[in-house]
Amino acid sequence: MEKRTKNGQMRKRVTDALRDVGMIYKDTAVLHGERGATVYGCRRILCYSPERICLCIGKRHVFVQGKGLICTSFNAGCVTVEGQLEGIGYCRSVCTGACTEKMKGEGEA
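Residues numbered from 1 in each chain as written. Predicted model: local features only at pLDDT ≥ 70, side-chain atom pairs only at ≥ 80, totals over all residues. Heavy atoms only, no water.

1. As for the confidence of the model for the protein chain
Phase 1 of the analysis: Residues of the protein chain with pLDDT of at least 70 account for 61%, and the chain-wide mean is 76.
Phase 2 of the analysis: Element-level mean pLDDT values for the protein chain span from 63 in helix α1 (residues 9–20) up to 93 in strand β6 (residues 78–90).
Phase 3 of the analysis: The model gives residues 100–109 a pLDDT under 50, and that stretch makes 20 contacts with residues more than four places away or in other chains. (pLDDT = per-residue confidence, 0-100. Helix = DSSP H or I, 4+ residues; strand = E, 2+ residues; numbered from the N terminus. Contact = heavy atoms within 4.5 Å.)

Okay, structure coming up:
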């Protein structure tokens, strides 16, 4: 097994290999343990904070939640988020622009 380099070269090689054999499609999230995720099909970053990053993926919005989150890469519809991941999921409502604090409609019964 190859050792990961600091700049994520191994992660990139694995991701490129999966894409080459057709295992990665748009609107896909690939988790790298609890330390990162790569999301494909991202049109834009809606909200960004160290605790929550919201992404527009097609007609849906996806959030990545955790601690110390940073986007280490955003190009060609692909976003790589690193930090201590706690969760990833679909937002239940439209981003209000302040989603790091509260999403409109979230938490309501």
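On we go.
2. Description of the nonpolar core
Side chains of a nonpolar character, in soluble globular proteins, are inclined to be buried together.
Phase 1 of the analysis: In terms of nonpolar packing, the biggest core is built from 12 residues, these being A37, V39, C42, I53, L55, I57, V62, V64, L69, V79, V81 and L85.
Phase 2 of the analysis: Each residue touching L69, except ones within four places of it in the same chain, is listed here: Y48, S49, P50, E51, R52, I53, V64, V81, E82, G83, Q84 and L85. (Core = buried A, V, L, I, M, F, W, Y, C linked by side-chain atoms within 4.5 Å. Buried < 20%, exposed > 50% of the residue type's maximum accessible area, 1.4 Å probe, protein only.)

3. Comments concerning the pattern of salt bridges
Phase 1 of the analysis: Applying the stated criterion to the full structure yields 1 salt bridge.
Phase 2 of the analysis: With a shortest N-O distance of 3.8 Å, E86 and K67 are connected by a salt bridge. Taken together, the positions of E86 in strand β6 and K67 in strand β5 (residues 60–75) put the pair 19 residues apart, joining distant regions of the chain. (Salt bridge = Lys/Arg side-chain N within 4 Å of Asp/Glu carboxyl O.)

4. With respect to the pairing of β5
Note on strand geometry: in a regular strand, side chains alternate between the two faces of the sheet.
Phase 1 of the analysis: The sheet contact formed by strand β4 (residues 52–57) and β5 spans 6 bridges and is antiparallel. In the strand pairing of β5, C56 is matched with H61.
Phase 2 of the analysis: Where β4 hands over to β5, the hairpin turn is made up of 2 residues, of which G58 adopts a positive phi near 65 degrees.
Phase 3 of the analysis: Of the strand pairs in this sheet, β5 and β6 are connected by 11 bridges, and their pairing is antiparallel. Counterpart to C71 in the pairing with β6 is V81.
Phase 4 of the analysis: Between β5 and the antiparallel strand that follows it, β6, lie 2 residues; A76 among them carries a positive phi value of about 50 degrees. (Pairing = 2+ DSSP bridges.)

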